Amino acid sequence: MRFNRLWLALALALIVISINQLIAVAQTPTLALALTPATLKLAPDEQAEALIAVTNSLTTTLQGMTLTWFSDAGVEVAIKSPASNTLAPQATATWSLAITKQANGIAAGALYVQLHYTTTLANQTIPGISVGKLEIQERALEALDKIAQARVETALETAQERRTGYVYLIVNNVANVPITITQVHVNKPAFVNITPPEKSKSPMVLAPQEAVALEYQVEGADQVQAGKHTLVFVTDLTWQRGAQTMKATLTTPHKFTVGVLGESEILTAIGVPSFLLLPGFLMVAAFRFFKTRVYPKEASSLELKSPEFWMLAVLLSGAAAFAYPYLTAWVKWLGPPRDYLTGYGLRDIMIVWSGSVLLGVCAWSAWYGGDRLIKWTLLRNVPTEHDDEFQTMQKLAGNKMGFALEQVKITIGGQAQNVFVLERERASRAKVWVAPAIIYRVAPNALAQITNAFNTLLDQTDKAGEMAFIMRAAIHAGAITFAWSAPGILSSPTEIEKSAISERLGKRRILIEAE
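Each residue is numbered by its place in its chain's sequence as written, counting from 1. With pLDDT at 70 or above as the cut-off, local features in this predicted model cover only qualifying residues; side-chain atom pairs require 80 or more to be listed or tallied, and sums for whole chains, interfaces and linings still use all residues. The basis for the side-chain values is all heavy atoms of the structure; hydrogens and waters are excluded.

Q: Teacher, can you tell me more about the packing of aromatic side chains here?
A: Aromatic rings from Phe, Tyr and Trp, with only the six-membered ring used for Trp, were paired whenever their centres fell within 6.5 Å, and each pair was classed as stacked if the ring planes differed by under 30 degrees, edge-to-face if by over 60, and tilted otherwise. Evaluated as defined, the whole model comprises 15 aromatic pairs. Ring geometry for Phe281 versus Phe309: centroids 5.6 Å apart, planes at 70 degrees, classification edge-to-face. Placement of the pair is Phe281 in helix α3 (residues 278-293) and Phe309 in helix α4 (residues 307-330), with a sequence separation of 28 residues. By the burial criterion, Phe281 is buried, and Phe309 matches it. Taking the centre distance of 5.4 Å and the plane angle of 40 degrees together, the rings of Phe290 and Trp364 count as tilted. In this pair, Phe290 sits in helix α3 while Trp364 sits in helix α5 (residues 346-379), placing the two residues 74 residues apart along the sequence. Each residue is placed in one exposure class: buried if its accessible area under a 1.4 Å probe, protein chains only, is under 20% of its type's maximum, exposed if it is over 50%, and partly exposed if it falls in between. Judged by its relative accessible area of 24%, Phe290 falls in the partly exposed class. Here a set of aromatic residues connected by ring pairs shows up, and it is made of Phe275, Tyr324, Tyr340 and Tyr344. Strands here are runs of E lasting at least two residues and helices are runs of H or I lasting at least four, both read from the DSSP assignment and numbered beginning at the N terminus.

Q: Explain unusual backbone geometry here, please?
A: Cis rather than trans, the peptide bond between Thr36 and Pro37 has omega equal to -5 degrees. The topology assignment puts Pro37 in the loop between β1 (33-36) and β2 (39-42). Within the chain, Gln90 stands out as a residue other than glycine whose phi angle is a positive 65 degrees. By secondary structure assignment, the location of Gln90 is in the loop between β5 (75-81) and β6 (92-101). We classify Gln90 as exposed; its relative accessible area is 58%. The phi dihedral of Lys400 is positive, around 55 degrees, even though this residue is not glycine.

Q: Explain the confidence of the model for the chain to me, please; I cannot follow it from the model alone.
A: Close inspection of predicted coordinates is inappropriate in any region flagged by low pLDDT. Per-residue confidence for the chain averages 86 on the pLDDT scale, and 93% of its residues sit at or above 70. Within the model, the stretch residues 22-28 combines pLDDT values under 50 with six contacts to residues more than four positions away or in other chains. Each residue carries a pLDDT score, the predictor's own confidence in it, on a scale running from 0 to 100. Contacts are residue-level and defined by heavy atoms, with any inter-residue pair within 4.5 Å sufficient.

Q: What should I look at first to understand the sheet that holds β1 in this one?
A: The pairing of strands in a sheet comes from backbone hydrogen bonds and takes either a parallel or an antiparallel form. Two strands make a pair as long as DSSP finds a minimum of two bridges between them. Pairing in this open sheet of four strands is antiparallel, and the strands run β1-β3-β6-β5 from one edge to the other. Single-partner strands in this sheet number two, and they are β1 and β5. Taking the axes of each pair of neighbouring strands and ignoring which way they run, one obtains an average angle of 30 degrees across the sheet. Pairing between β1 and strand β3 (residues 47-55): four bridges, direction antiparallel. Across the sheet, the residue bridging to Thr36 is Leu51, located in β3. Every axis in this analysis is a line fitted to C-alpha atoms, fitted for helices over the stretch in contact. Angles between the N-to-C directions lie between 0 and 180 degrees.

Q: Would you take a moment to explain the packing of α3 against α5 for this structure?
A: How two helices sit against one another is set out by the angle between their axes and by the gap between those axes. One can describe the packing of α3 onto α5 by two numbers: an axis separation of 7 Å at closest approach and a directional angle of 40 degrees. Of the possible angle classes, the one that applies to α3 and α5 is oblique. Relative to α5, α3 is oriented so that their crossing is right-handed. Contact with α3, carried on its side by Leu278, Pro279, Leu282, Met283, Ala286, Phe287, Phe290 and Lys291, involves Val352, Trp353, Ser356, Val357, Leu359, Gly360, Val361, Ala363, Trp364 and Trp367 of α5 and no other residues of that element. Gly falls in the polar group here, along with every residue not listed as nonpolar (Ala, Val, Leu, Ile, Met, Phe, Trp, Tyr, Cys, Pro) or charged (Asp, Glu, Lys, Arg). Per-class residue counts for the contact of α3 with α5 are 15 nonpolar, two polar and one charged. Each angle is binned into one of four classes, with values under 35 degrees roughly parallel, values over 145 roughly antiparallel, values of 65 to 115 roughly perpendicular, and all other values oblique. Each crossing is labelled by how the near helix is turned from the far one, with a counterclockwise turn of less than a right angle marking it left-handed and a clockwise turn marking it right-handed.

Below, the structure is given as structure tokens:
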């Protein structure tokens, strides 16, 4: 019985203690957090400060004060000026928070700040928490054209090698605060050389309404890709808006033409539409020039600018473009290997011009030499009016005819003469080469060795080659003289119409001894 009474007394004591604690908590005043400002407008990456204040309206000291927060607005929060973790009755504590809007944060939301603390009431340690709310709104960025403006001023239309042009980048501060040009970078084709001004290599501060002009030297490189291209000036800027450092980039394009010095004038003068067609044009034109203007001045079927002319020129131009890198790599004094399909300059025009003309001349020389050789091979044994007795014998040997020839009587202008046919007659030809007899006379003091050999060959009429050899030796030694027979209608080899032959007298030896 006594044990039950003990447990009942213990339970009543616990109930009384719990009721006292509840009464103490219920009597604890609520602490209010004051956030200043109540609303923040932030742009992406922008930072601002907020002040949090709390006044201890209790009769006891606050202990262990700490701040926590959470947000749905995509912000980063840092305590810039912390307060003490204790607060006496009727005293006020403040915290300064640095709030930064994340670049990829949502447009708007709220920041919730919690103050955690403990206090003692009725000899009881009681935890407490106070909550404050800060509205986060999105602030539109300033229009960049209201901060700074940039433009390009230049008379440069075409950038060429060895021709320096000037481009001016003008940057104007139109804001009411100073701006700093931290860097100016130029995006350009690799074959354009640009020299920036010295002052662009370090930051430049522009006061409100101040402008700066930056001078850039522009020049084409040794090898370029001719045509329209663009320069893009990229200007990085910074300026202050309160405690916030703002950043922006201005891009200023400028269109211009890249060319090769003298190319347009050269191509226009000769009427070639593109440098790619220049090698073939020069080769064919040089070949045609020498063929038609240099002895023997033969006509050419390749009329300038005809379809056949351009067909050959395009073909040769394609071959030249393929061979050019290998040629420049092989000829060391031309410098490093070059390929005008990827870029070309004045040096390439000079190389292509001189090389193409030289190839055209070489082609003409090969054609001329080959043509002369073929004609000489084919015509070397054909009689001519200027052949002497020895040359006629040589050509008879070359034609393998011997010197026993068919003798015919010809009648021209009412006069008749016996002559010898110097070639094998062909039915397809209406003409034939003939000559009078060759009269020989042995000198009284002639060398017996020469005369004996000559007399021996007279009966071997199929050996015209040996006879020509003996005739040369006899002429040089003065042993035997040779001459065409007494002048008649013909006094040397002559090409006549076959219709002039009135009688055929049979084969006889063309060599006849003088009486």
